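Residues per chain are reported as follows:
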Amino acid sequence: MTETVVLIGGGGREHAIARSLAESEARLYACAGNRNPGIAALADGFETLDTTNPTAVRTYADEVDATLAVVGPEAALEAGVADALDEAGVYTFGPRQDAARIETDKAFQRRFMREHDIPGCPDFETFDDMAAACAYIDDYDGDLAVKPAGLTGGKGVRVIGDQVTAEEAKAHLRSGDYDRVVLEERLVGEEFTVQAFVANGQLRVTPAVQDHKRAYEGDEGPNTGGMGSYSDSGLELPFMSEDDYMEAVDVLRAVVDALDDYKGILYGQFMLTADGIKVVEFNARFGDPEAMNTLPVLNTDFLDVLTAAREDEPLPQLSFAPKATVCKYAVPEGYPTEPKAGAKVKIDEDSVAKATERSSGDEPRDSAGDALLFYASVDERDDGIYTTTSRSFAVVGLAETITEAEEIAEAALDAAGEEGLRMRHDIGKPDLVQQRIDHVNELRGE
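Residues numbered from 1 in each chain as written. Predicted model: local features only at pLDDT ≥ 70, side-chain atom pairs only at ≥ 80, totals over all residues. Heavy atoms only, no water.

Trainee: How would you summarise the overall build of the protein chain if you had to cite specific residues and measurements?
Mentor: Summing up its helical and strand segments, the protein chain has 15 helices and 23 strands in all. Expected size for 446 residues packed as a compact globule is a radius of gyration near 22 Å; at 21 Å, the protein chain falls within 12% of this value. Its C-alpha atoms put the protein chain at 55 × 55 × 40 Å along the principal axes. When contacts within the protein chain are restricted to residue pairs at least 6 apart in sequence, those whose partners lie at least 24 apart make up 67%. Computing the positive centroid from 41 side-chain charges and the negative centroid from 87, the protein chain places the two 3 Å apart. (Helix = DSSP H or I, 4+ residues; strand = E, 2+ residues; numbered from the N terminus. Rg over C-alpha atoms; globule rule 2.2 N^0.38 Å. Contact = heavy atoms within 4.5 Å. Lys, Arg positive; Asp, Glu negative; His and termini not counted. Charge placed at Lys NZ, Arg CZ, Asp CG, Glu CD.)

Below you can see the structure in the form of C-alpha cells.
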C-alpha cells in the first residue's frame, strides 16, 4: 500500500520534514497558514488553512485520504490537532494535546519532572500571582530565569544576570499580562539539544545540536526563534563527551518511561553545567532550526519510522551520515524587534548548489560538501519570493567537519546577498566553537 502523509506546518522545520518524506515512496500533502514554496514544490498538494483549527486539518486529511500525519508546529499540538486526526483514523506522529503539555505548559513540565524524579530538574517555583513572583525574585539567593508558562515561540524567557536585571525582570512580569510563570535557577554552561523519535514506549535518538538564540553575532541581543545551529559528524558536539551525551539520553528515556503513550518527537534542551546535565526545557516536536541539521543526515527512511510507530512494531534503529552540519538563518532587517518585510529573496536551490561548488573566494573546493536551502516564512508572489516579518530562509552546509560545513553555508548565503536581510555569520566558525570548548573546560576546572 502506498502511504499518503499529510504534513502540518509551513516553516523551515516542515520544509526539512517534507524533503525527508519526499525521498520515500509516500504521497505527500501539506497544509499550513502560509504557502511555503519549498514544501509546495515537493508535495502532491498544498492547502492554506489555519493549522490550529483541528476540524479544518481533519477535513483536509479526509479529502486527500491520508493514512499518516506529521505535526510540525507546537501551536497545532496545543490546539489538539493530533487528537482530531487520531480520532479520524489517521495515525499522527505527534503527541496528543495532554501529552504535548510537556512543552506547552512549562509549569506542568517542571512539576512532572519533580513528581517523576526526572534527572536534571533545576530548582523552581510556579506562580499565578505576579506580586508573589516579584517577591520571590527579591528573596531568592541567586539569579533566576523567568519563563511564562505557555508558548512564546522561544522569545519569552528573561534571564536575570544575563539579559535583564532583577528590576527589569519584575517590570516585565508586571507588564506582561501572564496568567502563570515559572521562576527557576539560572543555569550556567553550554546549551545543546538532543531530539528523539518516540513511539510505543521506545525512543531513537539523533545527533546533538547547538542552537543560537541571540539575534546578533557574539551571542548579543534579544532572543529569537533561532538564528542557526550546528552539529558534528558524530553524536556529540566538540565540547561534549560521550558520557555527557548519554546522560542527556537517559533524561529523555526517563521522560518516555513516565509519560504514557507519548508519540512523536521529544526534544530535550539541555545545559551542560559544572554539576552535569540540567534540563532547560522539553519540546514536543522537532526544533527549528535543529530539524534542518538532523534530517538531512538521516539515512533511515523517515516513512519506516512512521509505519513502525503506527503498527506498534519496534522502531528502526537510526543511521546517520557521518557529516557535520551548519545551519544559518537569513532574517528580515530589524528582526526580531522591528522586522521589515518586503525584500525580494534572491536565492533558489540552483543558486545554492552553484555557490557551494566554490569556496568563499573564487577557487574550487578541495573537499566534497553539499548545501541545502529551506524556506521558512516567505511571501510568494507572481514576480518572486519576498520576506515577511519572520525568519525568511535557512541554508545548511554539510561536510566532513564543522569548519567545512560553515564555509559551504557561507558560500550559499553569499548567493542570497544581504539586501533587506541579516544573518549571523559567526555560527559554526572555528573561534566560536573553540569558545564553547574553552567554556566547558573552565566549568570543569580543566
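Trainee: Outline the nonpolar core, listing residues and values.
Mentor: If you look at the biggest cluster of nonpolar residues, it comprises 125 residues, and the most contacted ones within it are Phe192, Phe197 and Phe393. With 8 residues, the single largest contributor to this core is helix H10 (residues 242–258). Leaving out residues up to four positions away in the same chain, Phe192 has contacts with Ala208, Val209, Leu237, Phe239, Met240, Ala248, Gly268, Gln269, Phe270, Leu272 and Ile277. (Core = buried A, V, L, I, M, F, W, Y, C linked by side-chain atoms within 4.5 Å. Buried < 20%, exposed > 50% of the residue type's maximum accessible area, 1.4 Å probe, protein only.)

Trainee: With reference to specific residues and values, describe the packing of aromatic side chains.
Mentor: Tallied over the full model, the rule gives 9 aromatic pairs. An angle of 55° between the planes, with centres 5.2 Å apart, marks the rings of Phe127 and Tyr136 as tilted. Note on accessibility: Phe127 and Tyr136 belong to one class, buried. Following the ring pairs from residue to residue traces out a cluster consisting of Phe93, Phe197, Phe286 and Phe302. Its end group placed over the ring of Tyr91, Lys263 keeps NZ or CZ at 5.4 Å from the ring centre. One Lys or Arg, Arg381, reaches over the ring of Tyr386 and ends 4.0 Å from the middle of that ring. (Phe/Tyr/Trp six-rings, centres within 6.5 Å; stacked < 30°, edge-to-face > 60°. Lys NZ or Arg CZ within 6 Å of the ring centre and 35° of its normal.)

Trainee: Account for helix H8 (residues 130–139), naming residues and giving values.
Mentor: Along H8, the residues that are buried comprise Met130, Ala133, Cys134, Tyr136 and Ile137. Angularly, the buried residues of H8 cover 155° about the axis, an arc narrow enough to put them on a single face. The outward face of H8, more than 90 degrees from its buried face, is lined by the exposed residues Ala131, Asp138 and Asp139. Turning to H8, the residues buried within the fold contact strand S6 (124–127), strand S7 (144–148), helix H9 (166–175) and strand S9 (181–185). Here H8 starts with a cap whose side-chain oxygen sits 2.9 Å from the backbone nitrogen of Ala131, and that cap is Asp129. (Arc of directions from axis to C-beta. Polar contact = N/O pair within 3.5 Å; in protein donor to acceptor, adjacent residues only side chain to side chain.)

Trainee: With reference to specific residues and values, describe the side chain of Thr206.
Mentor: Here Thr206 is to be found in the loop between strand S11 (202–205) and strand S12 (210–211). For Thr206, a relative accessible area of 0% gives the class buried. Non-local contacts of Thr206, meaning those with residues more than four positions away in its chain, are made with Val194, Gln195, Phe197, Leu235, Tyr245, Thr294, Leu318 and Phe320.

Trainee: Describe the sheet that holds strand S5 (residues 91–93), naming the residues involved and giving the relevant values.
Mentor: Taken together, 5 strands build an open sheet; the order of strands is S3-S2-S1-S4-S5 and the sheet is parallel. Each edge of the open sheet is held by one strand with a lone partner, namely strand S3 (45–48) and S5. Between one strand axis and the next, the sheet turns through 20° on average, direction left out of account. The sheet contacts of helix H12 (residues 302–310) involve strand S1 (4–8), strand S4 (68–71) and S5, and relative to S5 the element is tilted by about 125°. (Pairing = 2+ DSSP bridges. Axes fitted to C-alpha atoms, helices over the stretch in contact; angles between N-to-C directions.)

Trainee: Describe the sheet that holds S9, listing the residues and the values that go with them.
Mentor: Across the sheet, which stays open at both edges, the 4 strands sit in the order S6-S9-S7-S8 with antiparallel pairing between neighbours. Because the sheet does not close on itself, it has two edges, and the strands there are S6 and strand S8 (158–159). Where S7 and S8 come together, 2 bridges link them in antiparallel fashion. By the bridge assignment, Ala145 is partnered in S8 with Val159. Lying on the sheet, helix H7 (residues 106–115) is in contact with S6, S7 and S9; it crosses S6 at an angle near 140°.

Trainee: Provide a residue-level description of the pairing of S7, including the pertinent values.
Mentor: Burial within S7 is extensive, with 5 of its 5 residues counted as buried. Burial along S7 is two-sided: Leu144, Val146 and Pro148 facing one way and Ala145 and Lys147 facing the other are all buried. Summarising the sheet, S7 and S9 pair through 5 bridges and their orientation is antiparallel. Directly across from Val146, in S9, lies its bridge partner Leu183.

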